[in-house]
Amino acid sequence: GYSEEEFLQMTLHNIRPEEEVAKMLNEIDQIRKNPQLKPKKVWRHRLKNGTLIYAEITADNQLFGGREARLVLIQNVTEQVVTQKLLD
């Protein structure tokens, strides 16, 4: 629900539950130290209306215009996570 302008001004503190921020920052630090890591992990993500969803985040290093970049894909997997929790 965020506009592109809003989203680009946000930090992890705006979109992640506070109890997950330190863990995610640590994981980002590990990725920076080892750029070959290609993480694929599910994190909680706060929508603009405050609702928490589960988002699978996949990241990969790429060359873009001759420069190193990181492609990050985010997919809402809330339905799958909730279904799995009900089955467990």
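Above this text you will find the structure in question.
What you see is a predicted model; the values in this text were computed from it and never measured.

Rules used in this analysis
- Residues numbered from 1 in each chain as written.
- Predicted model: local features only at pLDDT ≥ 70, side-chain atom pairs only at ≥ 80, totals over all residues.
- Heavy atoms only, no water.
- Salt bridge = Lys/Arg side-chain N within 4 Å of Asp/Glu carboxyl O.
- Helix = DSSP H or I, 4+ residues; strand = E, 2+ residues; numbered from the N terminus.
- Buried < 20%, exposed > 50% of the residue type's maximum accessible area, 1.4 Å probe, protein only.
- 1 Å grid on protein atoms, 1.4 Å probe; cavity = no way out; pocket = protein on both sides within 12 Å on 5 of 7 lines; lining within 4 Å.
- Points joined across faces, edges and corners; volume = space filled by probe spheres on them.
- Pairing = 2+ DSSP bridges.
- Axes fitted to C-alpha atoms, helices over the stretch in contact; angles between N-to-C directions.
- Contact = heavy atoms within 4.5 Å.

Novice: Could you clarify how one ought to interpret the pattern of salt bridges in this entry?
Specialist: Note on pairing: side chains with opposite charge can pair once their charged atoms come close. By the definition in use, this model includes five salt bridges. Taking the shortest distance from any N to any O, the salt bridge between Glu 6 and Lys 48 comes out at 3.0 Å. Taken as a pair, Glu 6 in helix α1 (residues 4-8) and Lys 48 in the loop between β1 (40-46) and β2 (52-64) lie far apart in primary sequence, 42 residues in all. Take Glu 6: its relative accessible area is 32%, and that puts it in the partly exposed class. On the basis of relative accessibility, which here comes to 45%, the residue Lys 48 falls in the partly exposed class. Notably, a salt bridge pairs Glu 19 with Arg 44, separated by 2.5 Å at the nearest N-O pair. Linking Glu 19 in helix α3 (residues 18-33) with Arg 44 in strand β1, this pair joins segments that are 25 residues apart in sequence. One network of salt bridges, with partners in common, ties together Glu 19, Glu 20 and Arg 44.

Novice: What is the right way to read the layout of surface pockets from this model?
Specialist: Gaps left between atoms show up when a probe the size of a water molecule is rolled over them. The volume enclosed by the largest pocket comes to roughly 620 Å³. Lining the largest pocket we find 24 residues, and of these Leu 12, Met 24, Ile 28, Ile 57 and Val 72 sit closest to its centre. Sorting the residues of the lining of the largest pocket by element identifies α1, α2 (12-15), α3, β1, β2 and β3 (67-76) as the ones contributing at least two each. Here the lining of the largest pocket gets six residues from one element, more than from any other, and that element is α3.

Novice: Hey, could you run me through the sheet that holds β1 in this one?
Specialist: Within a sheet, adjacent strands bond to each other through the backbone by hydrogen bonds, running parallel or antiparallel. Read from one edge of the open sheet, three strands run β1-β2-β3, paired in antiparallel fashion. Of all the strands in the sheet, the pair left with one neighbour each is β1 and β3. Within this sheet the neighbouring strands show an average axis-to-axis angle of 40°, counted without direction. Relative to the sheet, α3 contacts β1, β2 and β3, its axis offset from that of β1 by approximately 145°.

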